[in-house]
Amino acid sequence: MTPKADADLFALESAALANARAAHADPHADARAALAEMIVHYERLMRESRRLIRRSDRAEFDMNQMNRQLQELAQQLEYRATHDPLSGALNRAAVIDKATACLDGADMALIVLDIDHFKWINDDFGHPAGDTVIKTVVSCLRKLLGPDVAVGRVGGEEFSVIWPTSDADEAREVAMHICDAIADQVFGAPIDRQVTASVGVSWNARGTSFELAYSRADEALYAAKRAGRNCVKVHSQLPLPVTPAPSDASTPCH
């Protein structure tokens, strides 16, 4: 079966135009009738054109709206993929990515802090109070350090701060300010006691792996816990581990 030719959307207008041309060429033709026919079809063409333009404008508006919604959805998905849902801090994966990218191009201090006796807070005041403490600590860090500093929640009550710097002493000062700010923070009812944090710091030269930077900061953090909590320890200032003296193979065993 032979396919039909596409319908001419302007068949009537084309016919009216042909009639007008014929009337124009024939001095004896009824030019007024041809002109009247042209007017009718021209007005119809204008109405249809306006309708199509309005439809096109609506379609463009709807498309722009849809694009904006897709962009907002993409931003929401990215936020959820990189942030802790409770506190709004960066999640562990995002901290690793940001710290790794920072260490690729600059020196960096990694500050790790852990809320002291957090289990007691949950046991004594309930988990909602514990959630409030977590959110308040993140808010305290952001207020102290500014919105551009990367603050992450890397565990239940453990947080990290990425601090690009070439000055190890500066990193220690920042950690001291963090420790003091949390100790001075008022958490409100029902929490009727001081909440503190232990802080560990590692200063890392450009090119250091995240794993090494984190293990150093974590070692300093546990040194702060052992020192009584609510204090700061810097990895580079920790005492070197004592290496046992090798046994003398020439000494006989008894």
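Okay, so let's go over this structure.

Calculation rules
- Residues numbered from 1 in each chain as written.
- Predicted model: local features only at pLDDT ≥ 70, side-chain atom pairs only at ≥ 80, totals over all residues.
- Heavy atoms only, no water.
- 1 Å grid on protein atoms, 1.4 Å probe; cavity = no way out; pocket = protein on both sides within 12 Å on 5 of 7 lines; lining within 4 Å.
- Points joined across faces, edges and corners; volume = space filled by probe spheres on them.
- Helix = DSSP H or I, 4+ residues; strand = E, 2+ residues; numbered from the N terminus.
- Nonpolar A, V, L, I, M, F, W, Y, C, P; charged D, E, K, R; others polar.
- Pairing = 2+ DSSP bridges.
- Axes fitted to C-alpha atoms, helices over the stretch in contact; angles between N-to-C directions.
- Contact = heavy atoms within 4.5 Å.
- Salt bridge = Lys/Arg side-chain N within 4 Å of Asp/Glu carboxyl O.
- Buried < 20%, exposed > 50% of the residue type's maximum accessible area, 1.4 Å probe, protein only.
- Core = buried A, V, L, I, M, F, W, Y, C linked by side-chain atoms within 4.5 Å.

### Digging into the layout of surface pockets
- Taken as a whole, the largest pocket encloses approximately 180 Å³ of empty space.
- Lining the largest pocket, in full, are His83, Gly88, Leu90, Lys98, Arg142, Pro147, Asp148, Val149, Ala150, Val151, Ile162 and Pro164.
- When residues of the lining of the largest pocket are traced back to their parent elements, those giving at least two are strand S2 (150–153) and strand S3 (158–164).
- Across the lining of the largest pocket, the residue classes tally to seven nonpolar, two polar and three charged.

### Some points on the sheet that holds strand S5 (residues 232–234)
- Within the open sheet, the five strands sit side by side as S2-S3-S1-S4-S5. Their pairing is mixed. Two strands in the sheet have a free side with no partner beyond their single neighbour: S2 and S5. Neighbour to neighbour, the strand axes of the sheet diverge by 20° on average, direction disregarded.
- Of the strand pairs in this sheet, strand S1 (residues 108–115) and strand S4 (residues 197–204) are connected by eight bridges, and their pairing is antiparallel. Bridged to Ile115 within S4 is Ala197.
- Along the sheet, helix H5 (residues 127–145) makes contact with S1, S2 and S3, crossing S3 at roughly 15°.

### Quick look at the pattern of salt bridges
- Per the counting criterion, the structure on display carries six salt bridges.
- Here Arg153 ties to Asp84 by a salt bridge, and the two come within 3.2 Å at their closest N and O atoms. Taken together, the positions of Arg153 in strand S2 and Asp84 in the loop between helix H2 (31–82) and helix H3 (92–105) put the pair 69 residues apart, joining distant regions of the chain.
- By relative accessible area, which is 11% here, Asp84 ends up buried.
- Between Asp124 and Arg193 there is a salt bridge, with the nearest N and O atoms lying 2.9 Å from each other. Taken together, the positions of Asp124 in helix H4 (residues 118–125) and Arg193 in the loop between helix H6 (168–184) and S4 put the pair 69 residues apart, joining distant regions of the chain.
- Assessed through its relative accessible area of 37%, Arg193 is described here as partly exposed.
- Salt bridges sharing partners connect three or more residues here, namely Asp114, Asp116 and Lys225.

### Description of the pairing of S3
- Of all seven residues that make up S3, six are buried, and the element is covered over most of its length.
- Here seven bridges tie S1 to S3, and the two strands are oriented antiparallel to one another. Opposite Asp114, over in S3, you have Glu158 as the bridge partner.
- Looking at chain direction, S2 and S3 are connected through four bridges and run antiparallel. Across the sheet, Arg153 pairs through a bridge with Phe159, a residue of S3.

### With respect to the nonpolar core
- Residues Ile111, Leu113, Val133, Val137 and Ile178 are the most contacted members of the largest nonpolar core, which totals 36 residues.
- Looking at this core, the elements with two or more residues in it are S1, H4, H5, S3, H6, S4 and S5.
- The greatest single-element share of this core, amounting to eight residues, is contributed by H5.
- What Leu113 contacts, discounting residues up to four positions off in sequence, is Val137, Leu141, Glu157, Glu158, Phe159, Val161, Ile178, Ile182, Ala197, Ser198, Val199 and Leu221.

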